[in-house]
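Residues per chain, in single letters:
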Amino acid sequence: MSSKIALFIGLLLLTSAKNNAQEIDLLILNRDYQRALAAIDRMLESEPTAELYFKKGLVYEKLMNFDGAVTALQAACSADSTGTVYLEELAEAWSGLGNHTDAALCLQRAAGLDPDNLVLKGKLGQCLINLKKYQDACSLYSQIYRSDSTNTYYNRYFAYAAYQAGQLDLAVRLYDRLASQKVRDVQVYLNLASISNRQKNFTKSVTACMYGLNLFKDHPALLLKWAELLFQNKDYGKAQYPYERYLACNDSTFEVLKSYGICLYFSQFEEEALKALDKCYQLTANDPIVNFYIGACYKKLKQFPESVDFFKLAIETATPFYLSDIYQHLGQVYGLQREFDSSITAYQEALKLDPTNVELLFEIATTYEEMRSNQTIALNYYQNYLKQAGEQAKRADYALDRIKKLKEELFFEQ
């Protein structure tokens, strides 16, 4: 074959390949993804290049087939191990599957190959945030900030990483700057309010909410944050307004209704407070705070029988039902260690919390008997146990036997 013919064939193949590549690009541009995949696969049979695998990965990502995208992009990286664009896209595919660990590894490798690429660093920072490696992310965004302090996109992530890493002063400075630029990201104002509140700067917290609400009128998260800040500061009268604005446009949750009801109570709107708190009571009857304020409302309205009922209910629900059981188990452990005084103290605390648990009287009786310090007390507890438990006494036979023997012992001691 002459050199001219070889050159002609080479040019023909090059032109054909170029035309095929243009066809694929056009199919992708027109979102004809299935035909694009078919065209790519045909070309891969004769020309398995990194670029073709890359395009295949992109198409799979468009189809939300991230497993297919990972496979194709891994092939692209194998064909060209120095191609940062392939590593970057593979990281995107891994992230699409929620695998931020492998995504971070790809981006670290890419950033190592192109250390001045801020885009790669920024994406790596996002992966580190997803992995909750906030300190590492903060360090990375600090590097980006030194190169470009004006990029709002990166500064938002930098501020959040600093916040989560516990670098609150830095986070506040960054969020202050973003807020002054009126960035339309509601999380900027919410986070600034939360951090300022942690730093005991109540005024700044509320101001952050106001800045946010100027940009996002009646945004539920900002209204709720504003209300909660005022409520925590015991400024119940002022908290009532943002709670009402929130409830006017959003679903009422238990905690929101409870706080709103308490605000109404302190604002001396007892009847309205009762309506809100009664809704809470219907959702759960075991909240001691709700029961207390319902009782307090009835008291102010001079409905004393109802007030008494709810105050009693508040007392009952204020004590966790399991606390008596904990003290009972503690008493048993002390008894096993022969620390009898501590054992009896624990049992008596359990009995105080749950007077209906008459089996505790039996436990106290056996403990006093083991102490052998005062058998009369043990006898009295056994008798009290049988009297209060009646037919429900689970260990009546044992108690009767011990009463008989203790009486005999006490008789001979006289």
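Description of the structure in this document. (Residues numbered from 1 in each chain as written. Predicted model: local features only at pLDDT ≥ 70, side-chain atom pairs only at ≥ 80, totals over all residues. Heavy atoms only, no water.)

1. What about the overall build of the protein chain?
To keep things clear, this is the line we draw: In DSSP terms, a helix is any run of H or I states spanning at least four residues, a strand is any run of E spanning at least two, and both are numbered starting from the N terminus. We compute the radius of gyration from the C-alpha atoms alone; for a globule the expected value is 2.2 Å times N to the 0.38, where N is the number of residues. When accessible area is computed with a 1.4 Å probe and restricted to protein chains, residues below 20% of their type maximum are described as buried, those above 50% as exposed, and intermediate ones as partly exposed. The accessible surface values rely on the Shrake-Rupley method and a 1.4 Å probe; as for residues, cover is taken only from the protein chains in view.
Looking only at helices and strands, one finds 23 helices and zero strands in the protein chain. Compactness check: the protein chain gives a C-alpha radius of gyration of 36 Å against a globular reference of 22 Å for 414 residues, more than 25% above the reference. Each principal axis of the C-alpha atoms in the protein chain carries an extent, and together these give about 135 × 55 × 40 Å. Burial status across the protein chain gives 42% buried among its 414 residues. Working note: accessible area of the protein chain is about 23400 Å², and carbon and sulfur atoms make up 52% of it.

2. A few points about the nonpolar core
Basically, it comes down to this: Take the buried residues of types Ala, Val, Leu, Ile, Met, Phe, Trp, Tyr and Cys, join any two whose side-chain atoms come within 4.5 Å, and each joined set is a nonpolar core. Any two residues having at least one pair of non-hydrogen atoms within 4.5 Å are treated as being in contact.
With 101 residues, the main nonpolar core has Tyr175 and Tyr243 as its most contacted residues. Ignoring anything within four residues of it in the chain, the contact list for Tyr243 reads Leu224, Ala227, Glu228, Phe231, Val256, Ser259, Tyr260 and Cys263. Ranked by size, the runner-up nonpolar core spans 21 residues in total, among them Tyr347, Ile364, Ala378 and Tyr381.

3. Topic: the packing of helix H9 (residues 152-164) against helix H10 (residues 168-180)
The following threshold applies: Fitting a line to C-alpha atoms yields each axis, with helices limited to the stretch in contact; the angle taken between N-to-C directions then spans 0 to 180 degrees. The cut-offs work like this: below 35 degrees is roughly parallel, past 145 is roughly antiparallel, 65 to 115 is roughly perpendicular, and the gaps in between are oblique. The hand of a helix crossing depends on one turn: near helix anticlockwise from the far one by less than a right angle means left-handed, and clockwise means right-handed. Here the nonpolar group is Ala, Val, Leu, Ile, Met, Phe, Trp, Tyr, Cys and Pro; Asp, Glu, Lys and Arg are the charged ones; every other residue, Gly included, is treated as polar.
One can describe the packing of H9 onto H10 by two numbers: an axis separation of 8 Å at closest approach and a directional angle of 150°. Classified by the angle between their axes, H9 and H10 sit roughly antiparallel to one another. As for the relative orientation of H9 and H10, their crossing is left-handed in sense. On H10, the residues touching Thr152, Asn155, Arg156, Phe158, Ala159, Tyr160, Ala162 and Tyr163 of H9 are Leu168, Leu170, Ala171, Leu174, Tyr175 and Leu178. Taken together, the residues that form the contact of H9 with H10 break down as 11 nonpolar, two polar and one charged.

4. Re the environment of Met43
With respect to the secondary-structure elements, Met43 resides in helix H2 (residues 33-46). What makes Met43 buried here is its relative accessible area of 9%. Distance in space between the C-alpha atoms of Met43 and Gly122 is 34 Å, their sequence separation being 79 residues.

5. Topic: unusual backbone geometry
Even without being glycine, Met64 reaches a positive phi, approximately 60°. One non-glycine residue, Gln268, lies in the positive phi region at around 70°. Inspection of the secondary structure assignment puts Gln268 in the loop between helix H15 (254-266) and helix H16 (270-283). Residue Gln268 is classed as exposed on the basis of its relative accessible area of 58%.

6. Quick word on a nonpolar patch on the surface
Quick reminder of the rule: For patch building, the residue pool is restricted to those with more than 30% relative accessible area and no salt bridge; the joining distance is 9 Å between like charges and 5 Å between nonpolar side chains (Val, Leu, Ile, Met, Phe, Trp, Tyr). We define a salt bridge as a contact between a side-chain nitrogen of Lys or Arg and a carboxyl oxygen of Asp or Glu at a distance within 4 Å.
Taken together, the side chains of Phe321, Tyr322 and Ile326 make up a nonpolar region of the molecular surface, amounting to roughly 380 Å² of accessible area. Mapped onto the secondary structure, Ile326 falls in helix H19 (residues 323-336). Taking relative accessible area as the criterion, Ile326 reaches 45% and is therefore assigned partly exposed.

7. So, the pattern of salt bridges
Enumeration over the complete set of coordinates arrives at 18 salt bridges. The salt bridge involving Asp235 is made with Lys238; its shortest N-O contact spans 4.0 Å. Beyond isolated ion pairs, a larger network of salt bridges with shared partners links Asp25, Glu51 and Lys55.

8. A short note on the environment of His219
Following the sequence through the fold, His219 ends up in the loop between helix H12 (202-215) and helix H13 (220-232). Judged by relative accessible area, which is 23%, His219 ranks as partly exposed. Expressed as a C-alpha distance, the spacing of His219 and Val186, which sit 33 residues apart in the sequence, is 8.5 Å. With near-sequence residues (within four places) excluded, His219 lies in contact with Val186 and Leu213.

9. Some remarks on the packing of aromatic side chains
Quick note on the threshold: Under the pairing criterion, centres of Phe, Tyr and Trp rings, with the six-membered ring standing for Trp, must be within 6.5 Å; the plane angle then separates stacked pairs below 30 degrees from edge-to-face pairs above 60, leaving the rest tilted.
One pass over the structure, following the stated rule, counts 21 aromatic pairs. A centroid spacing of 5.3 Å and a plane angle of 75° characterise the contact between Tyr281 and Phe310, whose relative ring orientation is edge-to-face. Placement of the pair is Tyr281 in helix H16 and Phe310 in helix H18 (residues 304-318), with a sequence separation of 29 residues.

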